Amino acid sequence: MSGAAAISESGALAKPPAMRITPPSGWWVPPLGEVWNYRELLYFFVWRDIKIRYKQTAIGAAWAVLQPFLTMVIFSLFFGRLAHIPSQGLPYPIFYYSALLPWMYFASALQNATNTIVENQRLITKVYFPRLALPLSAVLSGLVDFGISFLMFIAMMIYYRIHPTAALLWLPLFLLLAVLTALGVGLWLSALNAIYRDVRYVLPFLVQFWMFASPVAYPSSLVPEKWRWLYGLNPMAGVIEGFRWALAGDGEPPSRLIFVSAGVVLVMLLSGVAYFQKMETTVADVV
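Residues numbered from 1 in each chain as written. Predicted model: local features only at pLDDT ≥ 70, side-chain atom pairs only at ≥ 80, totals over all residues. Heavy atoms only, no water.

### Some remarks on the nonpolar core
Generally speaking, nonpolar side chains in soluble globular proteins are found buried as a group.
Part 1 of the reasoning: Ranked by size, the top nonpolar core spans 79 residues in total, and within it Y96, W103, V139, F153 and V216 carry the most contacts.
Part 2 of the reasoning: The greatest single-element share of this core, amounting to 16 residues, is contributed by helix α5 (residues 92-119).
Part 3 of the reasoning: Those residues in contact with W103 that sit more than four places away from it in its chain are V207, W210, M211, S214, V216, M236 and I240. (Core = buried A, V, L, I, M, F, W, Y, C linked by side-chain atoms within 4.5 Å. Buried < 20%, exposed > 50% of the residue type's maximum accessible area, 1.4 Å probe, protein only. Helix = DSSP H or I, 4+ residues; strand = E, 2+ residues; numbered from the N terminus. Contact = heavy atoms within 4.5 Å.)

### Considerations on the packing of aromatic side chains
Part 1 of the reasoning: For the structure on display, the rule yields 17 aromatic pairs.
Part 2 of the reasoning: Judged by centre distance (5.7 Å) and plane angle (80°), the ring pair of F75 and Y96 falls under edge-to-face. Taken together, the residues F75 in helix α4 (residues 63-82) and Y96 in helix α5 connect sequence positions 21 residues apart.
Part 3 of the reasoning: With a relative accessible area of 0%, Y96 lands in the buried category.
Part 4 of the reasoning: Relative to Y160, the ring of Y159 has its centre 5.1 Å away and its plane inclined at 90°; by these criteria the two rings are edge-to-face.
Part 5 of the reasoning: Residue Y160 is classed as partly exposed on the basis of its relative accessible area of 33%.
Part 6 of the reasoning: Site record: aromatic cluster; members linked through ring pairs are Y97, Y105, F146, F150, F153 and F243.
Part 7 of the reasoning: Cation over ring: R39 sits above W36, and NZ or CZ is 4.4 Å from the ring centre.
Part 8 of the reasoning: One residue, R131, lies across the ring of F129, its end atom 4.9 Å from the ring centre. (Phe/Tyr/Trp six-rings, centres within 6.5 Å; stacked < 30°, edge-to-face > 60°. Lys NZ or Arg CZ within 6 Å of the ring centre and 35° of its normal.)

### Focus on the side chain of R131
Part 1 of the reasoning: With respect to the helices and strands, R131 occurs in the loop between α6 (121-124) and α7 (133-159).
Part 2 of the reasoning: A polar contact is formed between the side chain of R131 and the backbone oxygen of V127, at a distance of 3.2 Å.
Part 3 of the reasoning: Excluding its chain neighbours within four sequence positions, the residues that come into contact with R131 are I124, F276 and E280. (Polar contact = N/O pair within 3.5 Å; in protein donor to acceptor, adjacent residues only side chain to side chain.)

### With respect to the packing of α4 against α5
Part 1 of the reasoning: For the pair α4 and α5, the least separation of the axes is 9 Å and the interaxial angle reads 135°. Taken as axis vectors, α4 and α5 run oblique relative to one another. Here α4 runs over α5; the crossing is right-handed. Counted together, V65, Q67, P68, F69, T71, M72, F75, S76, F79, G80 and R81 of α4 and Y92, P93, Y96, Y97, L100 and M104 of α5 form the full contact between these two elements.
Part 2 of the reasoning: Along the lines of polarity and charge, the residues of the contact of α4 with α5 split into twelve nonpolar, four polar and one charged. (Axes fitted to C-alpha atoms, helices over the stretch in contact; angles between N-to-C directions. Parallel < 35°, antiparallel > 145°, perpendicular 65-115°, else oblique. Left-handed = near helix turned anticlockwise from the far one by under 90°. Nonpolar A, V, L, I, M, F, W, Y, C, P; charged D, E, K, R; others polar.)

And the structure:
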């Protein structure tokens, strides 16, 4: 008996295992396990986004403070001192900066998540990885800017001698709601942007319109009580009012807004994951 036959009969020489990569069989199932397996790649994407954002900039991460701070100064001057918009008993800088914290994060994360598929088209067409990692990394990388700008808010609280209350314990929940809102909308827009490039032209108008439809420059108390639940269909309305209440500890918690906004965010997130995963099977061909 020859050596080759002996190896064949004994099974000592086995073929290497083959892995076949196929599109998702059920687009309604969130690929959370697969994203977790690629968590190191997700960390790399987040770190890459942070480095690219401040590459070759003169003042670096200070932009994370300057943008909300200068916007706060303008809002305090025009909407506060001149228009006399009510500030719920808070100093105008605190009133506006506490709203700009979640809003600036949301607007930046939404823009980055929308463009991430198109910006990484060469990577998508060459190697396989869960595409959900791209918009997820764009949303998570914005938390670094949020943390830097939050330090400025702490300094402002000390300056105005505003002491935190027990409501501050709810802040992580409102921040999570802002993250999920940016992710849910970003999944929809990133998938649509890969097919229809008009989305990137519509996005600046959408963000600007959304800001004035949210209680950034005014309190939600200006909305009549009977329409307050309808106003909560804007998920950022509950997030912003929740931030103001948690940071300043003033007034009653916006419970009705939060419940309505949380429901909208849940629907938006689940539908965004489903639509994004459905488009994942063809995005490499059309991007």
